[in-house]
Amino acid sequence: MKIIALSLLLLFAPASPWAGGPSISPEKPVFHFGQIAEGSRLEHTFRFKNSGDSTLIINKVRSSCGCTAALLSSDSIPPGGFGEVKTVFDSNGFSGSVVKTIFLHTNDPLQKTVRFQLQGQVQKEIEVLPSRLQFSNLDKKTPSRAKVVLTNKGSNTLFLSDLKTTSRQLVAELSQEKLGPEETVEIEITLTPEEDKARFAGYITLKTSSPRTPMLRIPVTGHRVE
């Protein structure tokens with residue numbers, strides 16, 4: 001009976017968490033980069049170790065979007081050796097909270113896929129409020145008016161020019177062309193829709209002297225309530 005009981009214990013005993021082979025151990029899988037300006041390129045290198053007793057193979061490296069590039073130091077890491085993933089994040093076109101993920105597909109039997117993440121905030125150099133303008137109740141006879149406020153969140157003085165609209169129904173006027181750090185300017189907008197149309201859609205465009213944000217485009221929409 002004792003022999004049978006011992007055999008059952010061995011049969012149903014929990015498996016060891018690691019029974020040999022390659023084992024990937026990331027040093028710091030998440031990098032918090034704080035706040036960067038839109039258009040900046042962020043570079044960071046993630047390190048990992050092969051804590052196993054056989055060669056670790058990286059079968060594939062991929063990122064969550066094309067804005068993040070990843071370069072692997074080697075796709076074969078010996079036992080006790082270290083590997084690196086060099087990443088570059090292009091923040092152009094992003095704003096607010098950002099999370100970018102790099103995936104490593106390995107031959108580690110317990111971690112087939114390992115994730116590294118870049119986390120932080122991207123601050124637009126020029127804040128546009130509202131970022132899109134919507135007129136919800138157009139009048140057939142009375143023009144609709146609104147304002148868009150531009151704020152320079154960067155550290156350099158910017159110059160604005162070539163304010164245009166995509167429709168003759170839409171008129172835009174800029175309060176001033178010089179925009180210093182933390183200063184604001186206003187765009188006064190007037191929409192006079194055609195009487196036979198219940199909806200309007202167009203854009204306002206504006207050039208800036210910023211190499212990071214050379215052009216602003218503000219969508220304008222509206223509809224008439226009958």
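As a reminder, the structure under discussion sits directly above these lines.
Residues numbered from 1 in each chain as written. Predicted model: local features only at pLDDT ≥ 70, side-chain atom pairs only at ≥ 80, totals over all residues. Heavy atoms only, no water.

J.: Explain unusual backbone geometry here, please?
T.: In terms of backbone geometry, most residues other than glycine have negative phi values and most peptide bonds are trans. In this model, Leu129 is joined to Pro130 through a cis peptide bond whose omega is -5 degrees. The topology assignment puts Pro130 in the loop between strand E10 (126–129) and strand E11 (133–135). The phi dihedral of Asp162 is positive, around 55 degrees, even though this residue is not glycine. Of note in the backbone geometry, Glu182 takes a positive phi value of approximately 65 degrees without being a glycine. Following the sequence through the fold, Glu182 ends up in the loop between strand E15 (178–179) and strand E16 (184–191). (Helix = DSSP H or I, 4+ residues; strand = E, 2+ residues; numbered from the N terminus.)

J.: Looking at this structure, I do not really get the pairing of strand E17 (residues 199–208). What am I missing?
T.: For a regular strand, side chains alternate in direction, first toward one face of the sheet and then toward the other. Here four bridges tie strand E13 (residues 158–165) to E17, and the two strands are oriented antiparallel to one another. Across the sheet, Ser161 pairs through a bridge with Lys207, a residue of E17. (Pairing = 2+ DSSP bridges.)

J.: Help me out: how do you make sense of the packing of aromatic side chains in this one?
T.: Pairs of aromatic rings are described using the distance from one ring centre to the other and the angle between the two planes. Applying the stated criterion across every chain yields a total of four aromatic pairs. Considering the side-chain rings of Phe89 and Phe94, the 5.4 Å spacing of their centres and the 65 degrees angle between planes classify their relative orientation as edge-to-face. Using a relative accessible area of 0% as the deciding quantity, one classes Phe89 as buried. Through a chain of ring-to-ring contacts, three or more aromatic side chains come together here, namely Phe33, Phe89 and Phe94. Note that Arg47 overlies the ring of Phe82, its terminal NZ or CZ placed 4.6 Å from the centroid. In this arrangement the basic side chain of Arg62 is found over the ring face of Phe103, its NZ or CZ atom lying 4.2 Å from the centre. (Phe/Tyr/Trp six-rings, centres within 6.5 Å; stacked < 30°, edge-to-face > 60°. Buried < 20%, exposed > 50% of the residue type's maximum accessible area, 1.4 Å probe, protein only. Lys NZ or Arg CZ within 6 Å of the ring centre and 35° of its normal.)

J.: Is there a simple way to think about the nonpolar core in this case?
T.: Nonpolar side chains in soluble globular proteins tend to be buried together. Judged by nonpolar contacts, the single largest core of 22 residues is most densely connected at Val148, Leu150 and Ile187. The element that contributes the greatest number of residues to this core is E16, accounting for four residues. Apart from residues no more than four positions distant in its own chain, Ile187 is found in contact with Ala146, Lys147, Val148, Leu150, Leu163, Ala172, Glu173, Leu174, Leu206 and Ile218. Among the nonpolar cores identified, the runner-up in size contains 19 residues, and Phe33, Ile36, Val85 and Leu118 belong to it. (Core = buried A, V, L, I, M, F, W, Y, C linked by side-chain atoms within 4.5 Å. Contact = heavy atoms within 4.5 Å.)

J.: I tried to follow the sheet that holds E16 on my own but got confused; where do I start?
T.: Backbone hydrogen bonds are what pair the strands of a sheet, in a parallel or an antiparallel way. In space, the four strands of this open sheet follow the order E10-E12-E16-E14, with antiparallel pairing throughout. Edge positions in the open sheet fall to E10 and strand E14 (170–174), since each of these has one partner strand only. Strand-to-strand twist across the sheet, computed as the mean angle between neighbouring axes with direction ignored, equals 20 degrees. Inspection of the sheet shows strand E12 (residues 144–152) paired to E16 by eight bridges, in the antiparallel sense. Bridge pairing in E16 places Lys147 opposite Glu188. (Axes fitted to C-alpha atoms, helices over the stretch in contact; angles between N-to-C directions.)

J.: For this particular structure, what's the right way to read the sheet that holds strand E3 (residues 41–50)?
T.: One open sheet holds the four strands; their spatial order is E1-E3-E7-E5, and the pairing between them is antiparallel. Because the sheet does not close on itself, it has two edges, and the strands there are strand E1 (24–26) and strand E5 (68–72). Across this sheet, the average inter-strand angle for adjacent strands is 25 degrees, counted without regard to direction. Sheet topology places E3 next to strand E7 (residues 82–90); nine bridges connect them, and they run antiparallel. Among the inter-strand pairings, Phe46 is bridged to a residue of E7, identified as Val85.

By themselves, these observations are geometric and do not establish any function.
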